[in-house]
Amino acid sequence: RGREGAPYSTLVPSDEVTISYRHGLPVITLTLPTRSERCRFPVKPMMTTVGAFLRDVQREDKGIERAEVLATDGSKVSDATLMEVLLMNDFKLVINSTAYSVSPPVKDRLSSERATEMEDIRSLVHRLFVALHLEDHQIRKERELLQKLDHLKEELLPLEQMKARIADSADAKTSRLLWVGLALMSTQGGALAWLTWWVYSWDIMEPVTFFITYGSAMAFYAYFVVTKQDYVYPAAKDRQFLHYFYQKSKTHNFNVERYNKLKEDLAEAEESLRRLRQPLHLRLPIQEINDKD
């Protein structure tokens, strides 16, 4: 029984399905069941798969409902298997309910000089393919990246303009806050001096200034507890700027997450274009490009 228990008759002698080589390519000859005539099927071992060969057989004879290849132990050979691999060993060709035993002929082994010559030819063909197609592929990819960059820049343009307006407003508000802080500290210093020299004495004002200093230290420590950052003036300014910026963004319906995503996509596309243009400019082979990456 074949796959899924489908019965087929006893094996037909191997001369019903023959394999010969013509011009270096294997030719499989078999008898079509409904037309009762011999038909030859040339195959390219390194390109043709078992599935493609079976489809060619079924297209030639529409009466073939079942076609598959089995190994000698009865297991099914995958349709993705290359014919070059299949022709290395004996196999069974099942057509409808008939199983043909096939024994591929053993090819003469190439001499070492002939094998080296074949490897040189393959290497030459590979280099020709790279020279003819790689640059076209890179140019096409470059065109796609340029179109993507134009699209991203077009989307970012209104967002950049809105971001610039919001950033200017947040920066101005932060600067005003800094000047207000300076004014308050100056007022506090002047008030303490006035109370010390004109109203009270230093003996009275000394504990007052102590508690003011201690209160300031507590405020800085509270800032650290809340923000997990030291109270450094540039960092505090940036934090306040971001606070005002996000407030303004909500007021003006500015989508910060979408803007950041577009900026990341733009940077990624520019980096891909830079990496693509580098081997295109140097005209390096594929292997050297991969090594550099």
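The notes below deal with the structure included here. (Residues numbered from 1 in each chain as written. Predicted model: local features only at pLDDT ≥ 70, side-chain atom pairs only at ≥ 80, totals over all residues. Heavy atoms only, no water.)

**Observations regarding the sheet that holds strand β3 (residues 37–42)**
Each strand in a sheet pairs with its neighbour through backbone hydrogen bonds, running either in the same direction (parallel) or in the opposite one (antiparallel). Sheet architecture is open: 3 strands sit in the order β1-β2-β3, paired in antiparallel fashion. The sheet terminates laterally at β1 (18–22) and β3, the two strands that pair on one side only. In this sheet, adjacent strand axes meet at a mean angle of 30° when their direction is disregarded. With 5 bridges joining them, β1 and strand β2 (residues 25–32) adopt antiparallel strand pairing. Bridge pairing in β2 places Ser20 opposite Val27. Here helix α1 (residues 50–60) sits on the sheet and contacts β2 and β3; the angle it forms with β3, its principal contact strand, is near 145°. (Pairing = 2+ DSSP bridges. Helix = DSSP H or I, 4+ residues; strand = E, 2+ residues; numbered from the N terminus. Axes fitted to C-alpha atoms, helices over the stretch in contact; angles between N-to-C directions. Contact = heavy atoms within 4.5 Å.)

**Section: unusual backbone geometry**
Although it is not a glycine, Asn96 sits at a positive phi angle of roughly 55°. Considering the arrangement of structural elements, one finds Asn96 in the loop between β5 (91–95) and β6 (98–102). Look at Asn253: it is not a glycine, yet its phi comes out positive at around 55°. Within the fold, Asn253 resides in the loop between α5 (233–251) and α6 (256–282).

**A few points about the packing of aromatic side chains**
One pass over the structure, following the stated rule, counts 8 aromatic pairs. Here the aromatic rings of Phe245 and Phe254 are separated by 6.2 Å at their centres, their planes lie at 80°, and the arrangement is edge-to-face. The pair Phe245 / Phe254 is uniform in exposure class, with both members buried. Among the aromatic residues, those joined into a cluster by ring pairs are Phe241, Phe245, Tyr246, Phe254 and Tyr259. (Phe/Tyr/Trp six-rings, centres within 6.5 Å; stacked < 30°, edge-to-face > 60°. Buried < 20%, exposed > 50% of the residue type's maximum accessible area, 1.4 Å probe, protein only.)

Geometric descriptors of this kind do not, in isolation, establish any biological role.
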